[in-house]
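Remarks on the overall topology
Take a look at the letters that make up each chain.
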Amino acid sequence: MIRLAFAACTVCLAAGAALSQVAVTERRSLSGAELGAPAAATLRLHLTLVRLEGSGWTGERALAMLRAAAGILAQCGVALDRAELQSLAAPNHLDFSTPAARELARAHPVSRPAVYLVRDTKSRPAFDAEAIGRGNSRTRPEIADTVWLTAATRDPGVALAHELAHVLMDSGEHSEEEGNLMREETSPRNLSLSAAQCARLRETGSRNGLLKARGDIGRDGQRAQQRRPIVIGHRGASGTVPEHTLLAYFIAIQQGADYVEPDLVMTRDRVLVARHENEIGGTTDVADRPEFAGRRTTKTIDGAAVTGWFTEDFTLAELKTLRAKERIPQIRPGNAHFNGMLEVPTFEEVLGLVERLNSERRREAKGNEQKHFKPTGVYPETKYPTYFAGIGLAMEQPLVNILHRHGYRGRHAPVFIQSFEVGNLKRLARITSLPLVQLLSDAGRPYDFTVSGDSRTYADLARPAGLAEIARYAAGVGVNKNLMIPRVSTGFLGVPTTLVADAHAAGLLVHGWTFRAENTFLPREFQSSADPVAFGDLVGEAKRFLELGMDGFFVDQPDIGARARDGRSE
């Protein structure tokens, strides 16, 4: 009896000593919005992250890692919608070994799954990142459902997603599939999980209590709005001034656009410029320039004969001598007053404008506790990528290089890259982790499908099977409004489709296009008169689509779009 009491007392003393060596120096909670949790995810993951002071890990690096890992796991419909970051002063536990890890877990228990950021490992063989699921923790239950990352871990966001997937699947198996997240060697090129892997991750993680059903998903799969839908300035504020000009982008941001949308085409000297088409006769004064009369020609663009002047036949210096003009002056005569005043901007110039305005707004918000700063993002579209690649002006790498150079990196950067073509987006997915959006029209098929002989149409891609495929390479779909609520023959809105719910069920965001205030563009019930130029009830129309759960929308008048999104009538 005395011997047992002495032994018990020894254990108590050891535990007390361990506790005295561990002190919490900082605790911080992060919400799903801060982590970029996808609104359409059906399962939620709550994570504890323990950073050991003196390990070489900074709080900034840890947060960036969490956001990157969250973006990768989102492809399986899993949202990292809460995380607690703890900083510990634990000088005797800076390096991983099983005894030290067990002692730390006993001395300072935390909710699981948990991620520990340590200095190094004493284990042999050594590792940079290690997952300890339930299957390989039977002799060390104190550290079940944990991940350990050393300061030397490369690509920590990818490594964390890889190790968390091991924990959630409770499996140490690796994949040989090219580009798969579960390849033995982690890399920024290996980000995808197969449908079978995602199913196992969701099933096992839910069974083990590590994943919870997300409370904001209704029975029909449609999410309750948690984050505000985004307002996208379509070609800038194209309802106010000529489209795709720096003034249009500036006004869009001032009007409250969350993103501005530059359509991109190539010049002869490989510069990305903002034009809706590569044919510029309708949006610049090139037809009035005698020095360029000889450039007028006819080309086949995406299977159609087009006559005019084309950006790929001009150097940037030549384009800069031209001036923009209003595309539809008969509908927007006020915009035509700006004809001859504004240049054709480069993509670099658009990014520079956005960065300057973001810097100004960041400074304003810094001194105002009531003001929350959220940077304006960019939403570039690659125009005619198959055509441009065919003439030796492929767009993917130049676009990614510019975005990365300007600091747009990772799945949570304020940028979406959109395209009507599929192959273009899949090529982009191999060279960047920036979020991609597959555009879907209400008619026809992607032009690269036409070239390759793929018979599928946009209508096929808008069905559940097509959406599931899109979710493997894209974060969302940008859809023609008619795919959400078609118009009947009389011009009124008809019965909504299931597209929004189907896309959300696949884990995809849904951004609708295009919303315009003039009567000529509005459904009959929202027109104010027979005057095609007069403004109708754009707020009313947008609200009808927002009620479906649309996550964002392209609008020519961003100020009216913001009113519709925020529930304001004036």
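Model, not experiment: these values are computed from the prediction.

What counts as what
- Residues numbered from 1 in each chain as written.
- Predicted model: local features only at pLDDT ≥ 70, side-chain atom pairs only at ≥ 80, totals over all residues.
- Heavy atoms only, no water.
- Helix = DSSP H or I, 4+ residues; strand = E, 2+ residues; numbered from the N terminus.
- Rg over C-alpha atoms; globule rule 2.2 N^0.38 Å.
- Buried < 20%, exposed > 50% of the residue type's maximum accessible area, 1.4 Å probe, protein only.
- Contact = heavy atoms within 4.5 Å.
- Areas by Shrake-Rupley, 256 points an atom, 1.4 Å probe, with all protein chains shown as cover.
- Lys, Arg positive; Asp, Glu negative; His and termini not counted.
- Charge placed at Lys NZ, Arg CZ, Asp CG, Glu CD.
- Core = buried A, V, L, I, M, F, W, Y, C linked by side-chain atoms within 4.5 Å.
- Phe/Tyr/Trp six-rings, centres within 6.5 Å; stacked < 30°, edge-to-face > 60°.
- Lys NZ or Arg CZ within 6 Å of the ring centre and 35° of its normal.
- Expected span 1.5 Å × (residues − 1).
- Pairing = 2+ DSSP bridges.
- Disulfide = S-S within 2.5 Å.
- pLDDT = per-residue confidence, 0-100.
- Salt bridge = Lys/Arg side-chain N within 4 Å of Asp/Glu carboxyl O.
- Arc of directions from axis to C-beta.
- Axes fitted to C-alpha atoms, helices over the stretch in contact; angles between N-to-C directions.
- Parallel < 35°, antiparallel > 145°, perpendicular 65-115°, else oblique.
- Left-handed = near helix turned anticlockwise from the far one by under 90°.

1. Focus: the overall build of the protein
Counting secondary structure elements, the protein contains 18 helices and 22 strands. The C-alpha radius of gyration computed for the protein amounts to 27 Å, which stays within 12% of the reference 25 Å derived for 570 residues, consistent with globular compactness. The C-alpha extent of the protein, read off along each of the three principal axes, is 105 × 55 × 50 Å. Out of the 570 residues in the protein, the part that is buried amounts to 54%. Contacts in the protein between residues far apart in sequence, at least 24 positions, make up 70% of those at least 6 positions apart. Total accessible area computed for the protein in this model is approximately 24500 Å², and 52% of it derives from carbon and sulfur atoms. Of the side chains in the protein, 69 bear a positive and 67 a negative charge, and the two mean positions are spaced by 4 Å.

2. Notes on the nonpolar core
Membership of the largest hydrophobic core comes to 87 residues, with the highest contact counts inside it found for Leu 403, Tyr 408, Leu 440, Ile 470, Val 477 and Met 484. Top contributing element to this core by residue count: helix H9 (residues 347-366), with six residues. Not counting residues within four places of it along the chain, the set of residues in contact with Ile 470 comprises Gln 438, Leu 440, Leu 461, Gly 476, Val 477 and Leu 508. Leu 47, Trp 57, Ala 165 and Leu 211 belong to the second-largest nonpolar core, a separate cluster that totals 43 residues.

3. Notes on the packing of aromatic side chains
Under the counting rule described, the total for this entry stands at 13 aromatic pairs. A centroid spacing of 6.1 Å and a plane angle of 75° characterise the contact between Phe 420 and Tyr 458, whose relative ring orientation is edge-to-face. Here Tyr 458 lies in helix H14 (residues 458-461) and Phe 420 lies in the loop between strand S18 (417-419) and helix H12 (422-431), a separation of 38 residues in the sequence. Judged by its relative accessible area of 25%, Phe 420 is partly exposed. Across the ring face of Phe 314, the terminal group of Arg 295 is positioned such that the distance to the ring centre comes to 5.0 Å.

4. A short note on the environment of Asp 288
Structurally, Asp 288 can be placed in the loop between strand S13 (272-274) and strand S14 (297-301). Sequence separation between Asp 288 and Leu 322 is 34 residues; the distance between their C-alpha atoms is 9.6 Å.

5. Some details on helix H3 (residues 59-73)
End to end, H3 covers 21 Å across 15 residues, agreeing with the expected 21 Å (1.5 Å per residue, within 8%). Along H3, the residues classified as buried are Ala 62, Leu 63, Met 65, Leu 66, Ala 69, Ala 70, Gly 71, Ile 72 and Leu 73.

6. Considerations on the pairing of strand S20 (residues 476-480)
Taken residue by residue, a regular strand's side chains alternate between the two faces of the sheet. With five of five residues buried, S20 is to be regarded as a mostly interior element. Both S20 and strand S21 (residues 509-515) contribute to a ladder of five bridges, which runs parallel. Residue pairing in the sheet places Val 479 in a bridge with Gly 512 of S21.

7. What to know about the state of the cysteines
Each disulfide is one covalent bond, formed between the sulfur atoms of two cysteines. Throughout the structure, instances matching the rule amount to one disulfide. Two residues share a disulfide in this structure: Cys 76 and Cys 198, whose sulfurs sit 1.9 Å from each other. Across the disulfide from Cys 76 to Cys 198, rotation about the S-S bond amounts to roughly -65°, and the bridge is consequently left-handed. In this pair, Cys 76 is assigned in the loop between H3 and strand S3 (78-89) and Cys 198 in helix H6 (residues 195-207), connecting sequence segments 122 residues apart. Considered together, Cys 76 and Cys 198 belong to a single accessibility category, that of buried residues.

8. So, the confidence of the model for the protein
Per-residue confidence for the protein gives a mean pLDDT of 89; residues scoring 70 or more make up 92%. Every residue in residues 215-226 is under pLDDT 50, and counting partners more than four places away or in other chains gives 28 contacts.

9. Points about the pattern of salt bridges
Considering all chains together, one arrives at 34 salt bridges under this definition. A salt bridge links Glu 381 to Lys 383, with the shortest nitrogen-to-oxygen separation between them at 3.3 Å. For the pair formed by Glu 381 and Lys 383, the shared burial category is buried. Residues joined by salt bridges that share partners form a network here, namely Arg 228, Asp 258, Arg 565 and Asp 566.

10. Here we look at unusual backbone geometry
Omega for the peptide link from Arg 112 to Pro 113 comes to 0°, which places this bond in the cis form. Residue position: Pro 113 is located in the loop between helix H4 (98-107) and strand S5 (114-118). For the bond running from Trp 513 to Thr 514, omega is -15°, close enough to zero to count as cis. By secondary structure assignment, the location of Thr 514 is in strand S21. The backbone of Arg 235 shows a phi angle near 60°, a positive value even though the residue is not glycine. Mapped onto the elements of the fold, Arg 235 is located in the loop between strand S10 (230-233) and helix H7 (246-254). With a phi close to 50°, Asp 302 is a non-glycine residue in the positive phi region. Here Asp 302 lies in the loop between S14 and strand S15 (304-308). The exposure class of Asp 302 is partly exposed, given its relative accessible area of 27%.

11. Brief notes about H4
Burial in H4 covers these residues: Ala 100, Ala 101, Leu 104, Ala 105 and Ala 107. All buried residues of H4 lie within an arc of 165° about the axis, which places them on one face of the element. Residues of H4 that are exposed and angled more than 90 degrees away from the buried face: Pro 99 and Arg 106.

12. Observations regarding the pairing of S14
Relative to S15, S14 runs antiparallel, the two being bridged by five bridges. What sits directly across from Lys 299, in S15, is Val 306. The loop that links S14 with its antiparallel partner S15 comprises two residues; one of these, Asp 302, has a positive phi angle of about 50°.

13. Digging into the packing of H7 against H9
Axis angle and axis distance: for two packed helices, these are the angle between their axes and the distance between the axes, and together they describe the pair. Two elements in contact, H7 and H9, have axes separated by 10 Å at closest approach and are oriented at 30°. It follows that H7 is roughly parallel to H9 by the angle criterion. Handedness of the crossing formed by H7 with H9: right-handed. Seen from H7, the contacting residues are Leu 246, Tyr 249, Phe 250, Ile 253 and Gln 254; seen from H9, they are Glu 349, Val 350, Leu 353, Val 354 and Leu 357.

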